[in-house]
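Residue-level listing of the chains:
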Amino acid sequence: MNAGDGARGSAPAGSRGIPGGVGGTLHHVEVWVRDLEAAVASWGWLLERLGWVPYQRWECGRSWRLGGTYLVVEASPAVRGGAYDRRRQGVNHLAFHVAGEQEWDKVTADALEQGWRLLFADRHPFAGGPGHRAAYLENGEGFEVELVAVEEGTEAVGGAGPRAGVPS
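Residues numbered from 1 in each chain as written. Predicted model: local features only at pLDDT ≥ 70, side-chain atom pairs only at ≥ 80, totals over all residues. Heavy atoms only, no water.

Turning next to the side chain of H132. Position of H132 relative to the elements: it lies in the loop between strand 6 (117-118) and strand 7 (134-138). According to the relative accessible area criterion, H132 is buried, its value standing at 10%. Side chain to side chain, H132 and E146 meet in a polar contact 2.8 Å long. (Helix = DSSP H or I, 4+ residues; strand = E, 2+ residues; numbered from the N terminus. Buried < 20%, exposed > 50% of the residue type's maximum accessible area, 1.4 Å probe, protein only. Polar contact = N/O pair within 3.5 Å; in protein donor to acceptor, adjacent residues only side chain to side chain.)

Spelled out as structure tokens, the structure:
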């Protein structure tokens, strides 16, 4: 049996013991920020533009949900000093699918109007490699997102893979 193959009749790898076969899927991401209002303005706009809906709201944070996954921005009192730097150890960026090239063009243009800055402009829209149409954007706090154009009817998880040689 190869790695990842289940025994006959068993649940697929990654879904064992989890109702609905969602085992291994992302539950949530929590992004700690210094300025909640600025984070809500940039992250909230982008997430809602991509189809996420407001989910939770409390004094120090907000969240948005898409399917079984939610994303939190929180100005936790436990945040340590120092500016955020995506180039330090930790998560570099989050990448989101955008269905269709026309919609991807619109979302990218709208994001720039909303204060997101285009990274790697000299290689846009193929900074991730040939055939990987993506916009790499940064908000005012330095958080990076990647918007990946996915054509209808294609495998959404495919793509160019790691951005070898591309600055982060």
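Before going further, it helps to examine the environment of A135. With respect to the helices and strands, A135 occurs in strand 7. The exposure class assigned to A135 is buried, which follows from its relative accessible area of 0%.

Turning to the sheet that holds strand 5 (residues 93-99), a few remarks are in order. Taken in spatial order, the 4 strands of this open sheet run 5-8-7-6, and their pairing is mixed. Each edge of the open sheet carries a strand with a single partner, namely strand 5 and strand 6. Strand direction decides the pairing type here: strand 5 and strand 8 (residues 144-150), joined by 7 bridges, are parallel. Bridge pairing in strand 8 places A95 opposite E146. (Pairing = 2+ DSSP bridges.)

Attention now goes to the pairing of strand 8. Among the 7 residues of strand 8, 7 are classified as buried, and the element is accordingly described as predominantly covered. Across 5 bridges, the pairing between strand 7 and strand 8 is antiparallel. Looking at strand 8, one finds that A135 is bridged to L147. Counted between consecutive antiparallel strands, the loop separating strand 7 from strand 8 contains 5 residues, among which G142 sits at a positive phi close to 95°.

To continue, consider helix 2 (residues 101-113). Over its 13 residues, helix 2 extends 19 Å from the first C-alpha to the last, a length consistent with the 18 Å expected when each residue adds 1.5 Å. The complete set of buried residues in helix 2 reads W104, V107, T108 and A111. With its buried residues spanning 100° around the axis, helix 2 presents them on a single face. When the buried face of helix 2 is taken as reference, the exposed residues oriented beyond 90 degrees from it are Q102 and E113. (Expected span 1.5 Å × (residues − 1). Arc of directions from axis to C-beta.)

The next thing to look at is the side chain of S42. Looking at where S42 falls in the secondary structure, it is placed in helix 1 (residues 36-49). With a relative accessible area of 9%, S42 lands in the buried category. Residues in contact with S42, not counting those within four places in the same chain, are W116 and N139. (Contact = heavy atoms within 4.5 Å.)

Before going further, it helps to spend a moment on unusual backbone geometry. With an omega of 5°, the peptide bond running from H124 to P125 counts as cis. Residue position: P125 is located in the loop between strand 6 and strand 7. Residue F120 is not a glycine yet carries a positive backbone phi of 55°. Tracing the backbone shows F120 in the loop between strand 6 and strand 7. The exposure class of F120 is buried, given its relative accessible area of 12%.

Next up on the list: the pattern of salt bridges. For the structure on display, the rule yields 7 salt bridges. A salt bridge links E103 to R49, with the nearest nitrogen and oxygen atoms 2.5 Å apart. Of the two residues, E103 sits in helix 2 while R49 sits in helix 1, which places them 54 residues apart along the sequence. In this structure, the salt-bridge partner of E138 is R117, at a minimum N-O distance of 2.4 Å. Taken together, the residues span a long stretch of sequence, with E138 in strand 7 and R117 in strand 6 at a distance of 21 residues. (Salt bridge = Lys/Arg side-chain N within 4 Å of Asp/Glu carboxyl O.)

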